[in-house]
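An overview of the molecular structure
Below, each chain spelled out in residue letters.
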Amino acid sequence: EINVAVEHVSRAAQEQAAAAHQSSAAMAQIENTAAAARKNADIAFDRTTVMLGALGDSRATVQSLVDGVSRANGKTRETLDLMRRLEAVGRRINKLVDVIGSTAVQTTMLAVSGAVEAARAGDSGRGFAVVSNDIRNLAREAAANVEKIRDTVDGVIEQMTAVRRDLEQVLTSAEVEVERSKGIMGPLEVMASDVRFLIEASKVIQQGAESILSASAQAATGARQIATAAEQTSMAARQATTAAGEQGRGAGDLAA
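Right, let's walk through the structure included here.

The rules we used
- Residues numbered from 1 in each chain as written.
- Predicted model: local features only at pLDDT ≥ 70, side-chain atom pairs only at ≥ 80, totals over all residues.
- Heavy atoms only, no water.
- Helix = DSSP H or I, 4+ residues; strand = E, 2+ residues; numbered from the N terminus.
- Buried < 20%, exposed > 50% of the residue type's maximum accessible area, 1.4 Å probe, protein only.
- Areas by Shrake-Rupley, 256 points an atom, 1.4 Å probe, with all protein chains shown as cover.
- Patch = residues over 30% accessible without salt bridge, like charges linked within 9 Å, V, L, I, M, F, W, Y side chains within 5 Å.
- Salt bridge = Lys/Arg side-chain N within 4 Å of Asp/Glu carboxyl O.
- Core = buried A, V, L, I, M, F, W, Y, C linked by side-chain atoms within 4.5 Å.
- Contact = heavy atoms within 4.5 Å.
- Polar contact = N/O pair within 3.5 Å; in protein donor to acceptor, adjacent residues only side chain to side chain.

**Let's talk about the overall build of the protein chain**
- Helix and strand counts for the protein chain come out as two helices and zero strands.
- Across the 256 residues of the protein chain, 22% fall into the buried class.
- As presented, the protein chain carries roughly 16900 Å² of accessible surface, and 60% of it is formed by carbon and sulfur atoms.

Structure follows, in structure tokens:
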């Protein structure tokens, strides 16, 4: 009966030692898995941190671009206002040129009338005829100069109109690009928020992996202690079996 009991104790100790070894192996596997998870979390944390910085730089670049284009649009609007004022000035100049042209025509007519009257006056009107001829020549030169001025002003107005239209097209395109750039800011902010969430998740994984490693280390230590105790129990059981055998033989000798 002692031998049977000792055998039971020995088998139980061996099973416990085997279970402890299996637990130790499982804890080692858990440690490896947790270490790999922590390593992956560290890599993810580093990459997401870099990504967050890149997104911040991209947002800053886009914002700087939007600000720069907005300032340029403001300058373009000021230039457009100036071009419109210059066009108005050109039109006023044309009106003045028309007045001067009309005056030159009237002066020519007066000079012709004066020449006619001088001719009627005969010899006494010769001096006036010379003056009338000079006035007519000056009026003709003034009319020719008026035409040149009108052509020059018209050319300037046409060029300013063309430049103004080009500036209006540039301003429209720039405003469209500004709106598109502003539309990019929203997705960038969403991406930055998602990346920040990933960073926090990586931190949680890192902390969880550290906790798992600490707990598995303690469990592995406990498993090794249990295995040692079980081996000691098994050794003691074997010693008890030997002692029981010796005692049985002594009892047999005594019985004999």
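**A look at a nonpolar patch on the surface**
- Together, Val89, Ile93 and Ile149 make up an exposed nonpolar region whose accessible area comes to about 200 Å².
- Following the sequence through the fold, Ile93 ends up in helix H1 (residues 2-121).

**A short note on the nonpolar core**
- Leu55, Val62, Val66, Val178, Met185, Leu188, Ala192, Val195 and Ile199 form the largest nonpolar core, which has nine residues in total.
- Looking at this core, the elements that each hand over two or more residues are H1 and helix H2 (126-255).
- When residues in this core are grouped by element, the largest group, six residues, is from H2.
- Apart from residues lying up to four places away in sequence, Met185 is in contact with Arg59, Val62 and Gln63.

**Describing the side chain of Arg164**
- On the secondary structure map, Arg164 appears in helix H2.
- Using a relative accessible area of 16% as the deciding quantity, one classes Arg164 as buried.
- One polar contact links Arg164 to Glu87, side chain to side chain, over a distance of 2.8 Å.
- Once you skip the residues sitting within four places of it in the chain, Arg164 turns out to touch Leu80, Met83, Arg84 and Glu87.

**Things to note about the pattern of salt bridges**
- Counting across every chain of the model gives six salt bridges.
- The shortest N-O distance in the salt bridge between Arg84 and Glu168 comes to 3.3 Å. Of this pair, Arg84 sits in helix H1 while Glu168 sits in helix H2, and the two are 84 residues apart along the sequence.
- Residue classification places Arg84 among the partly exposed positions, given a relative accessible area of 36%.
- For Glu168, a relative accessible area of 26% corresponds to the partly exposed category.
- Between Glu168 and Arg164 there is a salt bridge; the shortest N-O distance is 3.0 Å.

**Some points on the environment of Gly155**
- Mapped onto the secondary structure, Gly155 falls in helix H2.
- For Gly155, a relative accessible area of 24% gives the class partly exposed.
- Expressed as a C-alpha distance, the spacing of Gly155 and Gly90, which sit 65 residues apart in the sequence, is 9.9 Å.

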